[in-house]
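# Examination of the molecular architecture
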Amino acid sequence: MNALVRSHVPNGIQCLAIYIAEAHARDQWPAGKIISCVNQPTTLEQRLQHAREFIKKYNFQVPMLVDTMENTFHHTYGSWPFRFYIIYQGKLILKVEPNKTTFTYDINEIDRWTNDFYQTRCTQTV
């Protein structure tokens, strides 16, 4: 993910991560000790701390915002458990869904789409 984001910075494309509610918290829908390693935060400070720990543990270099405790971002964009979005000029233009069998994303496919979109925009403005 870090490499994907870095590759688009020269084109002026800004990427952000939004830390939302835990999908498989230890105290809600646990999925084993490896996946369910924290409890669901009950305060914004706890959610912020989980985000900080994630950034440190995974050397996550993408700028990260944290959803409200009312889950405003999640309720607006349906981000459970995680999604990729492309927002251009204030409009949602792509919501990438995971593979329905593996529940994973093809980062290369997202990269290609972003490159193609950028190239189309550059061609139109020349």
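Residues numbered from 1 in each chain as written. Predicted model: local features only at pLDDT ≥ 70, side-chain atom pairs only at ≥ 80, totals over all residues. Heavy atoms only, no water.

## Observations concerning the overall build of the protein chain
From N to C terminus, the protein chain includes four helices and four strands. If you list the helices and strands of the protein chain from N to C, you get α-β-α-β-α-β-β-α. Counting every position in the protein chain, which comprises 126 residues, the buried fraction comes to 28%. The contacts in the protein chain between residues at least 6 apart in sequence include a share of 45% that link residues at least 24 apart. Summed over all atoms, the accessible surface of the protein chain reaches about 9000 Å², with 57% contributed by carbon and sulfur. (Helix = DSSP H or I, 4+ residues; strand = E, 2+ residues; numbered from the N terminus. Buried < 20%, exposed > 50% of the residue type's maximum accessible area, 1.4 Å probe, protein only. Contact = heavy atoms within 4.5 Å. Areas by Shrake-Rupley, 256 points an atom, 1.4 Å probe, with all protein chains shown as cover.)

## Topic: the pairing of strand 4 (residues 91-96)
By the bridge criterion, five bridges tie strand 3 (residues 84-88) to strand 4 in an arrangement that is antiparallel. Within strand 4, the residue paired with Phe-84 across the bridge is Val-96. Counted along the chain from strand 3 to the antiparallel partner strand 4, the turn is two residues long, and its residue Gln-89 has a positive phi close to 50 degrees. (Pairing = 2+ DSSP bridges.)

## Comments concerning the side chain of Asn-71
Note that Asn-71 resides in the loop between strand 2 (64-66) and helix 3 (72-77). By relative accessible area, which is 17% here, Asn-71 ends up buried. Once you skip the residues sitting within four places of it in the chain, Asn-71 turns out to touch Ala-21 and Arg-47.

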